Amino acid sequence: MTHPFLSPEQATVLITGCSSGIGRCVAELLQARGYRVFATARRQEDVVALQEQGFLAYRLDLSDESSIEEAVEWVLQQSGGQLYALFNNGAYGLPGAVEDISLAALRAQFETNLFGTHALTCRVIPIMRRQGYGRIIQNSSILGFVALKYRGAYIASKYALEGLSDTLRLELQGSGIHVALIEPGPVISRFRENAAAAFERWVAEVPSVHALAYQGLQAARLSGKRTTFSVTPEAVYKRVLHVLESKRPRERYPVTFPTYLFAFLKRLLPTGWMDRILASKMM
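Residues numbered from 1 in each chain as written. Predicted model: local features only at pLDDT ≥ 70, side-chain atom pairs only at ≥ 80, totals over all residues. Heavy atoms only, no water.

Draft legend 1. Spatial organisation of the overall build of the chain. Looking only at helices and strands, one finds 10 helices and seven strands in the chain. For 283 residues, the compact-globule estimate of 2.2 N^0.38 gives 19 Å, and the chain sits close to it at 19 Å. Along the longest, intermediate and shortest principal axes, the C-alpha atoms of the chain span 55 × 45 × 30 Å. Within the chain, the fraction of its 283 residues that count as buried is 52%. (Helix = DSSP H or I, 4+ residues; strand = E, 2+ residues; numbered from the N terminus. Rg over C-alpha atoms; globule rule 2.2 N^0.38 Å. Buried < 20%, exposed > 50% of the residue type's maximum accessible area, 1.4 Å probe, protein only.)

This is how it looks when you write it as structure tokens:
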């Protein structure tokens, strides 16, 4: 059972970023298990596709606070004012060297990956406080605790998400609301294609000393070749399910071998050694 008083059939779950990949997979599998899933996406055409698949779906743009508020109000109307869990999955990656990321690009990255997620989370906390229970699941990343070249904007947003989530977990102690971080490494999804589009929008035209490196990165993203140790989104679903159905969810859920490996190495090795290892990785 998800909660002493809830079966999956009674539990409502709001998920962001359901157009594809992790969000779509988790929504499908939770709905098949009996959960009442509210699937959201940024683009209206994706919302229509979700509705045609049988989901309770609504548009939610994490970069638009009014869209967040409207989507939450819709969920509450559908659920009778209750919400068991929020899975903050919606995010995108912006590749590029730190020196090539404009303030506008960095702000756009944070609007979706952090500020919108924060606004949505703060909107649902009072609902969960009134209930006396709830689950807030943050889809972070291996890049929420280690750095790689040309991922600075995304890494900054995920480091910030981890810090906010750790603090929130402390502040919610005794409320019945659990906060859990999921930290995937490479997962098979449209993330790389979306990152390539973000690069074209924000970085591709910037004169850069990193131009040759960018060419290699873009070719890899567009090739469709899977990253080593890639897993399917079902691996993330299993962690989400544990958070939903465990009486005592864990604080962090690593996903994929690289996440376990680098978490271990970061605890073990001096920073200089880690820098040499990470500088050679282009995951």
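Structure shown, so let's carry the discussion forward.
Draft legend 2. Region of the structure containing the packing of aromatic side chains. Summed over all chains, the structure comprises eight aromatic pairs. Residues Phe110 and Phe115 carry aromatic rings whose centres are separated by 5.8 Å and whose planes lie at 50° to one another, so their mutual orientation is tilted. The class for Phe115 is partly exposed, based on a relative accessible area of 41%. An aromatic cluster is defined as three or more aromatic residues linked by ring pairs; in this entry it consists of Phe38, Tyr58 and Trp74. (Phe/Tyr/Trp six-rings, centres within 6.5 Å; stacked < 30°, edge-to-face > 60°.)

Draft legend 3. The arrangement of the packing of helix H3 (residues 65-79) against helix H4 (residues 103-131) in detail. At a minimum axis distance of 10 Å, the contact between H3 and H4 shows a crossing angle of 35°. Taken as a pair, H3 and H4 cross one another with a handedness that is right-handed. On H4, the residues that touch Ile68, Glu69, Val72, Glu73 and Leu76 of H3 are Gly116, Ala119, Leu120, Arg123 and Ile127. Here the contact of H3 with H4 is composed, by residue class, of six nonpolar, one polar and three charged. (Axes fitted to C-alpha atoms, helices over the stretch in contact; angles between N-to-C directions. Left-handed = near helix turned anticlockwise from the far one by under 90°. Contact = heavy atoms within 4.5 Å. Nonpolar A, V, L, I, M, F, W, Y, C, P; charged D, E, K, R; others polar.)

Draft legend 4. Summary view of the pairing of strand S2 (residues 36-41). Across the six residues that make up S2, a large majority, five, are buried. Crossover connection from strand S1 (residues 12-15) via helix H1 (residues 21-33) to parallel S2: handedness right-handed. Where S2 meets strand S3 (residues 56-59), four bridges bridge the pair, whose relative direction is parallel. What sits directly across from Phe38, in S3, is Leu56. A crossover connection joins S2 to the parallel S3 through helix H2 (residues 44-52); in handedness this β-α-β unit is right-handed. (Right-handed = clockwise from strand over helix to strand, strands pointing away. Pairing = 2+ DSSP bridges.)

Draft legend 5. Spotlight on the environment of Ser165. Examined against the element boundaries, Ser165 turns out to sit in helix H5 (residues 152-171). Excluding residues within four positions of it along the chain, Ser165 makes contact with Gln138, Val179 and Leu181. Reaching out from Ser165, the side chain makes a polar contact with the side chain of Gln138 at a distance of 3.2 Å. (Polar contact = N/O pair within 3.5 Å; in protein donor to acceptor, adjacent residues only side chain to side chain.)

Draft legend 6. Quick look at the pattern of salt bridges. This model, assessed by the stated rule, comprises 10 salt bridges. Salt-bridge contacts for Arg169 lead to Asp166; the nearest nitrogen and oxygen are separated by 2.8 Å. Placement of both Arg169 and Asp166 in helix H5 is noted, with a separation of three residues, approximately one turn of the helix. A salt bridge links Arg252 to Glu183; the nearest nitrogen and oxygen atoms lie 3.1 Å apart. Placement of Arg252 in strand S7 (residues 252-255) and of Glu183 in strand S6 (residues 177-184) is noted, with a sequence separation of 69 residues between them. Judged by its relative accessible area of 29%, Arg252 falls in the partly exposed class. Classification of Glu183 by relative accessible area gives buried; the value is 4%. (Salt bridge = Lys/Arg side-chain N within 4 Å of Asp/Glu carboxyl O.)

Draft legend 7. A look at the environment of Gln78. Mapped onto the fold, Gln78 is located in helix H3. When the C-alpha positions of Gln78 and Leu56 are compared, they lie 8.9 Å apart, and in sequence the two are 22 residues distant. When neighbours within four sequence positions are excluded, Gln78 is seen to be in contact with Arg36, Phe38 and Leu56.

Draft legend 8. Quick look at unusual backbone geometry. Residues other than glycine seldom take positive phi values, yet Tyr150 does so here, at roughly 65°. With respect to the secondary-structure elements, Tyr150 resides in the loop between strand S5 (134-139) and H5. Judged by its relative accessible area of 13%, Tyr150 is buried. For Thr256, which is not glycine, the phi torsion reads 90° and is therefore positive. Note on Thr256: relative accessible area 8%, which makes it buried.

By themselves, these are just geometric observations and shouldn't be taken as functional.
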